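# Structural characterization, general
What follows is the residue order along each chain.
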Amino acid sequence: MTMKMKSRSVTATNPMTRWSATIGCALACTFAAFAPAAHAADALTAQNAWVRWLPNDLPAAGYVTLKNDSDKPVDLVNVTSDDYGMVMLHQTVSNGSTQKMVMVHNATVPAHGTLSIAPGGYHLMLEHAKHKIAPGDTVHVKLQFSDGATLDTPFAVKPPSQQ
Ligand SMILES: [Cu+2]
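Since we're looking at a predicted model, the values are computed, not measured.

This part covers the overall build of the protein chain. Tallying secondary structure elements over the protein chain gives 3 helices and 10 strands in all. Ordered by position from the N terminus, the helices and strands of the protein chain form the series α-α-α-β-β-β-β-β-β-β-β-β-β. For the protein chain, the residues scored as buried account for 20% of the 163 residues in total. Partitioning the intrachain contacts of the protein chain with sequence separation of at least 6 by distance along the chain shows that 67% fall at a separation of at least 24.

The structure is reproduced here in structure tokens:
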């Protein structure tokens, strides 16, 4: 009897048990808070998402077409990936005869329109791969928008020759 009580008492004060319970609650609360944004997310879609892979751990470039079926423009405001340590939105700009890349903080997907993140314009700069990535793989990039919508998008990894 004494042993049983003691064992129960240990379980109740186990910090891991309490920690798990807290995390479970946090996840449930987060889910509930974001559930109303589901309609906004439905209006945005990602199409033709792919990555031009480069050898020797060089940064890869990600391309995707974003379509907005809603009545309001939406900005792409943040990009992250579980497969790369750093992801940035870059824009290629030409200065007469030369071209350079600049980092931009957001890009607008017009109402009832598309934003093309495509060679020659915008690209996602994917750096510091967290594991070995090669053509034929699929990587995942999370696109976050100004209205709270998030698109967790699979990108097909293609060889350097891909246009
Ligand atoms: Cu770049």
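After that view of the structure, there is still more to cover.
Take the pairing of strand E1 (residues 44-52) next. Pairing between E1 and strand E2 (residues 60-68): 7 bridges, direction antiparallel. Among the inter-strand pairings, Arg 52 is bridged to a residue of E2, identified as Ala 61. Note: E1 against strand E10 (residues 150-158), 3 bridges, orientation parallel. For Val 51, the partnering residue across the bridge sits in E10 and is Val 157.

If you check the backbone angles, Asn 48 has positive phi at about 50 degrees while not being a glycine. With respect to the helices and strands, Asn 48 occurs in strand E1. Overall, Asn 48 belongs to the exposed group, with 12 C-beta atoms counted inside 10 Å. Although it is not a glycine, His 112 adopts a positive phi angle of roughly 50 degrees. Following the sequence through the fold, His 112 ends up in the loop between strand E6 (107-109) and strand E7 (113-117). On the basis of neighbour count, His 112 is assigned to the partly exposed category, with 13 C-beta atoms found within 10 Å.

Of all hydrophobic cores here, the largest spans 28 residues; its most connected members are Val 51, Leu 76, Leu 124 and Val 141. For this core, the elements supplying multiple residues, two or more each, are E1, E2, strand E3 (74-81), strand E4 (84-95), E7, strand E8 (122-129), strand E9 (138-145) and E10. Here the element with the most residues in this core is E2; it accounts for 5 residues. Those residues in contact with Leu 76 that lie beyond four places of it in its chain are Leu 66, Leu 89, Asn 106, Ala 107, Val 109, Leu 115, Leu 143 and Phe 145.

Note that Arg 52 resides in strand E1. Note: C-alpha distance between Arg 52 and Leu 126 (74 residues apart in sequence) is 9.8 Å. Apart from residues lying up to four places away in sequence, Arg 52 is in contact with Ala 60, Ala 61, Lys 158, Pro 160 and Gln 162.

Right, let's get into the pairing of E9. Burial along E9 is one-sided: Val 139, Val 141, Leu 143 and Phe 145 are buried, and none of Thr 138, His 140, Lys 142 and Gln 144, which face the opposite way, are. Relative to E9, E3 is paired through 5 bridges, and the arrangement is antiparallel. When the sheet's bridge partners are listed, Thr 80 is paired in E9 with Lys 142. With 7 bridges joining them, E9 and E10 adopt antiparallel strand pairing.

Within the fold, Gly 85 resides in strand E4. Taking the C-alpha atoms as reference points, Gly 85 and Ala 129, 44 residues apart in sequence, are found 6.1 Å from one another. Look past the residues within four positions of Gly 85 in its chain and what remains in contact with it is Glu 127, His 128 and Lys 130.

Each value, and the rule that gives it
Per chain, the residues get numbers from 1 upward, laid out in the order the sequence is written. Reporting of local features is limited, given that this is a predicted model, to residues whose pLDDT is at least 70; pairs of side-chain atoms are given and counted only at 80 or more, and all residues count toward the totals for whole chains, interfaces and linings. Numbering of helices and strands starts at the N terminus; helices are DSSP runs of H or I of at least 4 residues and strands are runs of E of at least 2. Burial in this document is a count-based property: other C-beta atoms within 10 Å of a residue's C-beta are tallied, and the residue is buried at 20 or more, exposed at 12 or fewer, or partly exposed in between, with C-beta positions derived from the backbone. By the convention adopted here, residues are in contact when the distance between their C-beta atoms, placed from the backbone, does not exceed 7 Å. Any two strands are treated as partners once DSSP identifies two or more bridges connecting them. Think of a nonpolar core as buried Ala, Val, Leu, Ile, Met, Phe, Trp, Tyr and Cys residues, each tied to the set through C-beta atoms within 7 Å.

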